[in-house]
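Next come the chains, spelled out residue by residue.
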Amino acid sequence: VADLQEKLGRPLTCCTQTFGCQMNARDSEKLLGILTEIGYVPVETEEADLVLYNTCTVRENANLRVYGRLGHLNGLKKKNPHMIIALCGCMMQETQVVEKIKQSYRFVDIMFGTFNIFKLAELLYSRWTQEDQIIDIWDSTKEVVEELPTMRKYPFKSGVNIMYGCNNFCSYCIVPYVRGREKSREPKEIIMEIERLVKDGVKEVMLLGQNVNSYGKNLSVPVTFAELLQEVEKIDGLERIRFMTPHPKDLSDDLIDVMSKSKKICNHVHLPGSSRLLKLMNRNYTKEHYLELVDKIRSKMPDVSLTTDIIVGFPGETEEDFEETLDVVRKAKYDSAYTFIYSKRTGTPAAAMENQVPEDVVKNRFNRLLETVNEVSRSISNRYEGTVQQVLVEDVDDHDASYVTGRMTNNILVHFPGSKDLIGTLVNVRLTECRGFYYMGEQENA
């Protein structure tokens, strides 16, 4: 890097773009950490000396977005012969994707997957010395490589990987095939990482895994997720603990009990939710079990905010099945829901199922689902109006620079008058007006 900088007479710049989930976002912080460690200067524009896309493949649309952006990068590369284009992440774990890029996007310099992000600097060196397209895709790994340099997006909050991979094999989901089987990190390593983050100014951590509830099952000395949370809670200086994503089949009474007694675990549970379809999806729980779980959570944490993911148009979905979904929405009373139209992913059992639902039927049901979610959310979202809540300030408001934006413990956004020096601090805010999915407020004792 230093040699090339000297040759060009300027610093080398890099731009990273993240597609997908919080796991990808955390990986991107590590990738950017490696790049800055070896001498690159991060920039926002893709007119950079190195552009890296950390890809997602959960839905087909994510793949199409990457292909569309690659065409633009090709034009930029023709103007800058020193430009390196690198692709990594879940999309690269699909053999047909790699073949397509090799054939149709030969200007891409480096491809690697989800298991070897720590090799980025080495792969760059190989590209500069071999001048060929570098492809390094691993099928799996037994190692969990941590202690990588990291450049965090926010100085006051951070994701922390507690496990990798997934063993659930839901019939519609590509994740177990591209992220591998579950591997949990040792508790002491997680605690040490969080302690270092707190010393560096972090007030809130998000514990990350494809299914955090099954954490610790494959360790030599098994540890439950509830036990891990109790240890994290003991860390001095840490203010908030979040986690993503739990699976309903593994959410234990012990975990609900630990959350209800905790002073640091955030008052928010994201709980992805017709029994017949759940069986076809291989989700390993029923509608009845799911609603019992919701009741258990609410009985121990009456003020909890529940959110969920809902798929519409899964193969074989009938009108009766869809009505069951709407019934769950009404009974669970979600604060909000991330709604998706089923995406046919090659390589998953669902892609080969018969009775794919017609597009017009799916769109109609999707619109009806949105109406129901919004109706339920409106009926409960104003319950905090007039109360004083603690807010972690995250940024200056996009629409008005005299306001700042932050989140309550239940993850609901709050906008209130304030200056940028409040960013990263916990502030008491009186919630003056509910506007659906967010609140307007005023700082108490300002």
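As the structure is a prediction and not an experimental result, all values here were calculated from the model. (Residues numbered from 1 in each chain as written. Predicted model: local features only at pLDDT ≥ 70, side-chain atom pairs only at ≥ 80, totals over all residues. Heavy atoms only, no water.)

S.K.: Just give me the short version of the sheet that holds strand E11 (residues 240–244), but keep the residues and values in it.
M.R.: Taken in spatial order, the three strands make up an open sheet running E7-E10-E11, and their pairing is parallel. Both edges of this open sheet fall to strand E7 (157–161) and E11, since each of them pairs with a single strand only. Averaged over all pairs of adjacent strands, the angle between strand axes in this sheet comes to 25°, irrespective of strand direction. Across five bridges, the pairing between strand E10 (residues 204–208) and E11 is parallel. Among the inter-strand pairings, Glu204 is bridged to a residue of E11, identified as Arg240. Together, E7 and E10 form the strand contacts of helix H7 (residues 187–199), whose direction differs from that of E7 by roughly 165°. (Pairing = 2+ DSSP bridges. Helix = DSSP H or I, 4+ residues; strand = E, 2+ residues; numbered from the N terminus. Axes fitted to C-alpha atoms, helices over the stretch in contact; angles between N-to-C directions. Contact = heavy atoms within 4.5 Å.)

S.K.: Which residues make up the environment of Cys56, and what values go with them?
M.R.: Relative to the helices and strands, Cys56 is located in the loop between strand E3 (50–55) and helix H3 (60–79). According to the relative accessible area criterion, Cys56 is buried, its value standing at 12%. Measuring from C-alpha to C-alpha, the distance between Cys56 and Gly89 comes to 6.4 Å, with 33 residues separating the pair along the chain. Once residues within four sequence positions are removed from consideration, Cys56 is found in contact with Phe19, Gly20, Asn24, Ala62, Asn63, Cys90 and Met91. (Buried < 20%, exposed > 50% of the residue type's maximum accessible area, 1.4 Å probe, protein only.)

S.K.: Which residues make up the environment of Asp49, and what values go with them?
M.R.: In this structure, Asp49 sits in the loop between strand E2 (41–42) and E3. We classify Asp49 as buried; its relative accessible area is 3%. The sequence separation of Asp49 and Leu12 amounts to 37 residues, and the corresponding C-alpha distance is 5.9 Å. In contact with Asp49, not counting residues within four places along its chain, are Arg10, Pro11, Leu12, Thr13, Tyr40, Asn80, His82, Met83 and Ile84. For Asp49, the side chain forms a polar contact with the side chain of Arg10, separated by 2.8 Å. (Polar contact = N/O pair within 3.5 Å; in protein donor to acceptor, adjacent residues only side chain to side chain.)

S.K.: Hey, could you go over the nonpolar core for me, with residue numbers and the actual values?
M.R.: Ranked by internal contacts, the top residues of the largest apolar core, which has 55 residues, are Ile162, Ile194, Leu207, Tyr215, Phe225, Leu229 and Val269. In this view, Val269 contacts Leu251, Met259, Ile297, Met301, Val304, Ser305, Leu306 and Thr307; residues no more than four positions away in its chain are not counted. In terms of nonpolar packing, the next biggest core, distinct from the first, is built from 24 residues, Leu87, Met92, Ile101 and Met111 among them. (Core = buried A, V, L, I, M, F, W, Y, C linked by side-chain atoms within 4.5 Å.)

S.K.: Got a sec to walk through the packing of H7 against helix H8 (residues 225–233)? Specific residues and values, please.
M.R.: Between H7 and H8, the shortest axis-to-axis distance is 10 Å and the interhelical angle comes to 30°. As the angle between them shows, H7 and H8 are arranged roughly parallel. Crossing of H7 against H8: the hand is right-handed. In this structure, H7 uses Pro187, Ile190, Ile191 and Ile194 to contact H8, whose residues at the interface are Leu228, Glu231 and Val232. Taken together, the residues of the contact of H7 with H8 sort by class into six nonpolar, no polar and one charged. (Parallel < 35°, antiparallel > 145°, perpendicular 65-115°, else oblique. Left-handed = near helix turned anticlockwise from the far one by under 90°. Nonpolar A, V, L, I, M, F, W, Y, C, P; charged D, E, K, R; others polar.)

S.K.: Before we move on, could you go through the side chain of Thr308 and cite the residues and values that matter?
M.R.: Tracing the backbone through its elements, the reader meets Thr308 in strand E13 (residues 305–312). Judged by relative accessible area, Thr308 falls into the buried class, the value being 0%. Within the structure, the side chain of Thr308 is placed 2.7 Å from the backbone oxygen of Leu271, a separation counted as a polar contact.

S.K.: Can you break down the confidence of the model for the protein residue by residue, with the values?
M.R.: Of the residues in the protein, 89% have a pLDDT of 70 or more, and the chain-wide mean is 87. Here helix H10 (residues 275–280) stands out as the least confident element of the protein, with mean pLDDT 54; strand E16 (residues 403–407) is the most confident, with 97. (pLDDT = per-residue confidence, 0-100.)

S.K.: Mind laying out the packing of H8 against helix H9 (residues 253–261), listing which residues take part and the relevant values?
M.R.: Between H8 and H9, the shortest axis-to-axis distance is 8 Å and the interhelical angle comes to 20°. Classed by the angle they form, the pair H8 and H9 counts as roughly parallel. In the crossing of H8 with H9, the sense of the turn from one axis to the other is left-handed. Where H8 approaches H9, its residues Phe225, Ala226, Leu229 and Gln230 are matched on the opposing element by Asp254, Leu255 and Val258. Of the residues belonging to the contact of H8 with H9, the class tally is five nonpolar, one polar and one charged.

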